[in-house]
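In case you want the letters, here they are:
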Amino acid sequence: MYGLKSDECQKTHSNITSKQFCAYNENGQRPCHGDEGGPLLGQDLTDLEHPFLYLAGIVSIVNQNCNTLNIPSVYTKVDQHLNWMLSKMSK
């Protein structure tokens, strides 16, 4: 999975916000209709003996044609909403 800079992302998705990011997979695997709300996992390899997965994004906007290569999908930045999530979990 490859992330894109905001200006590159806005070439195909002009309505993204600072709380979103674009990513694509060059082999064509991507979220499709019905995948909105699904996870984008990242892998932390800081400690190679104990690597772990983390929730990096949530599928926000998918492309109309799921088979088009190199067109990014839009994800919500999870770290931008941590305080809100924690406040909902503590209730």
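Computed from a predicted model, the values in this text were never measured in an experiment. (Residues numbered from 1 in each chain as written. Predicted model: local features only at pLDDT ≥ 70, side-chain atom pairs only at ≥ 80, totals over all residues. Heavy atoms only, no water.)

A. Structural detail: the state of the cysteines. Across all of its chains, the model carries one disulfide by this definition. Across the disulfide from Cys9 sits Cys22; the S-S distance is 1.6 Å. A residue pair is termed long-range when its members are at least 10 positions apart, and Cys9 in helix α1 (residues 6-9) and Cys22 in strand β2 (residues 20-24) qualify at 13 residues. The class for Cys9 is buried, based on a relative accessible area of 1%. Using a relative accessible area of 1% as the deciding quantity, one classes Cys22 as buried. (Disulfide = S-S within 2.5 Å. Helix = DSSP H or I, 4+ residues; strand = E, 2+ residues; numbered from the N terminus. Buried < 20%, exposed > 50% of the residue type's maximum accessible area, 1.4 Å probe, protein only.)

B. Geometry of the pattern of salt bridges. The full count for this structure, using the stated rule, is one salt bridge. For Glu8, the salt bridge identified is with Lys11, shortest N-O distance 3.1 Å. The partly exposed category is assigned to Glu8, whose relative accessible area is 38%. (Salt bridge = Lys/Arg side-chain N within 4 Å of Asp/Glu carboxyl O.)

C. Geometry of the packing of aromatic side chains. Applying the stated criterion across every chain, the model contains one aromatic pair. Where Phe21 meets Tyr75, the ring centres are 5.5 Å apart and the plane angle is 20 degrees; that geometry is what we call stacked. One end of the pair, Phe21, is in strand β2; the other, Tyr75, is in strand β5 (residues 73-77), with 54 residues separating them in the sequence. On the basis of relative accessible area, Tyr75 is assigned to the buried category, the value being 2%. (Phe/Tyr/Trp six-rings, centres within 6.5 Å; stacked < 30°, edge-to-face > 60°.)

D. Just the pairing of strand β4 (residues 52-61), in detail. Examined bridge by bridge, strand β3 (residues 39-44) and β4 share six bridges and lie antiparallel to one another. Pairing of Gly42 across the sheet is with Tyr54, part of β4. (Pairing = 2+ DSSP bridges.)

E. Structural context of the sheet that holds β4. Spatially, five strands are ordered β1-β2-β5-β4-β3 in an open sheet, and the strand pairing comes out antiparallel. Only two strands of the sheet have a single partner each, and these edge strands are β1 (2-4) and β3. Neighbour-to-neighbour, the strand axes of the sheet open up by a mean angle of 45 degrees, direction not taken into account. (Axes fitted to C-alpha atoms, helices over the stretch in contact; angles between N-to-C directions.)

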